[in-house]
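Listed here are the chains, written in short residue letters.
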Amino acid sequence: MIKLAEDLTEYDLSFFEDDIFFQRIYSDFLTIGKFPKSFFYICVVDNEITAVISKICGVITLSAKENADFEEINEFVRVTGFSTILCDFSFSCHFDGKKTSGKIMKIRTDKKFGSKAEILRTDELKEAYPILKRVFRRVPDFPDWFVNTCYGVIHNSVIVSGVHYNKKLVSVAFALFVTERTAVISAVATHFEHRNRGYAMEILKKLLDENTGKEIYIFLENPLIEEYYGKLGFIPCKMWSEIENVL
């Protein structure tokens with residue numbers, strides 16, 4: 001049985017706490033759980049919670065046990081509709097659609113790297129957007145991106161680090177879905193004219209400094225950069241999969 005969960009804190013979800021997909025769901029619940037188009041569900045089999053699902057504007061994130069009723073979950077996402085499903089790679093075989101996947105790497109550190117990078121304020125985020133647009137293929141439209149990122153920064157679920165050169169932002173990185181236990185590093189980007197100067201390493205170290213004592217994850221799309229993150233101490237831990245709804 002799949003049912004709407006208006007308050008995830010009412011349930012014993014301790015089994016899922018070590019799963020980064022659940023931590024992403026829980027961070028969204030704490031930050032935007034009351035927003036329109038934000039929905040959270042639990043799946044129950046024989047009085048046992050076997051999966052937790054979020055649906056944020058069509059994007060579904062799934063955290064599940066091996067004994068979850070994936071036939072029911074598949075029917076649920078098919079009927080309710082989705083743009084993408086993000087889940088552990090081992091569960092992707094249960095869903096139809098265009099699939100991409102990659103490694104998840106993680107690190108836990110109790111030391112400070114002492115980075116010289118900065119933590120960006122909300123009024124500095126406008127400078128980050130052009131860098132992201134030049135580096136990444138898929139970037140949300142600026143109004144939605146800016147509002148959502150600012151909201152996350154204000155509510156401590158997003159941390160943004162950056163490096164300035166001659167008072168101009170040239171390198172930026174984001175810690176997303178920040179909770180007391182975890183964070184996900186995303187969108188590490190440096191302006192093409194300022195690469196190979198060590199800026200990316202500095203902004204990564206800054207985010208690690210801001211999340212000391214937590215499990216920090218990064219979802220890799222390009223396997224060629226695994227060695228780069230390995231230099232910081234990241235190690236592979238599992239695989240992610242994204243299933244795109246092909247209409």
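Definitions and limits used
- Residues numbered from 1 in each chain as written.
- Predicted model: local features only at pLDDT ≥ 70, side-chain atom pairs only at ≥ 80, totals over all residues.
- Heavy atoms only, no water.
- Helix = DSSP H or I, 4+ residues; strand = E, 2+ residues; numbered from the N terminus.
- Rg over C-alpha atoms; globule rule 2.2 N^0.38 Å.
- Buried < 20%, exposed > 50% of the residue type's maximum accessible area, 1.4 Å probe, protein only.
- Arc of directions from axis to C-beta.
- Contact = heavy atoms within 4.5 Å.
- Pairing = 2+ DSSP bridges.

Participant: Mind showing me how you'd approach the overall build of the protein chain here?
Facilitator: Regarding its fold elements, the protein chain presents six helices and twelve strands. Relative to its length of 247 residues, the protein chain is compact, with a C-alpha radius of gyration of 18 Å against a globular reference of 18 Å. When the backbone C-alpha atoms are referred to their principal axes, the protein chain occupies close to 60 × 35 × 35 Å. For the protein chain, buried positions account for 48% of its 247 residues.

Participant: I'm lost on helix α2 (residues 70–80) in this one. Help?
Facilitator: Three- or four-residue spacings in an α-helix give side chains the same orientation, since the helix completes a turn every 3.6 residues. For α2, the full list of buried residues reads F70, I73, F76 and V77. Along α2, the residues classed as buried sweep out an arc of 115° about the axis, all on the same side. Looking at α2, the residues exposed on the side facing more than 90 degrees away from the buried face are E71, R78 and V79. The inward-facing, buried residues of α2 abut β1 (2–4), β2 (38–45), β3 (48–56), β4 (59–64) and β5 (84–88). Two residues or fewer past α2, G81 is found with a positive phi of approximately 90°.

Participant: How should the pairing of strand β9 (residues 168–176) be read in this particular structure?
Facilitator: Two faces, one strand: in a regular strand the side chains alternate between the faces of the sheet. With seven of nine residues buried, β9 lies mostly within the body of the structure. Linkage of strand β8 (residues 159–165) to β9, two consecutive antiparallel strands, is achieved through a turn of two residues, within which N166 is found at a positive phi near 55°. As defined by bridge partners, β9 adjoins strand β10 (residues 182–190) across five bridges and the pair is classed as antiparallel. Pairing of L176 across the sheet is with V184, part of β10. Between β9 and β10, which pair antiparallel one after the other, the connecting turn spans five residues, and F177 there sits at a positive phi close to 55°.

Participant: I tried to follow the pairing of strand β6 (residues 98–108) on my own but got confused; where do I start?
Facilitator: Pairing of β6 with strand β12 (residues 235–244), which is carried by nine bridges, proceeds in the antiparallel orientation. When the sheet's bridge partners are listed, S101 is paired in β12 with S241. Alignment of β6 against strand β11 (residues 215–219), held across five bridges, turns out to be antiparallel. When the sheet's bridge partners are listed, M105 is paired in β11 with I218.

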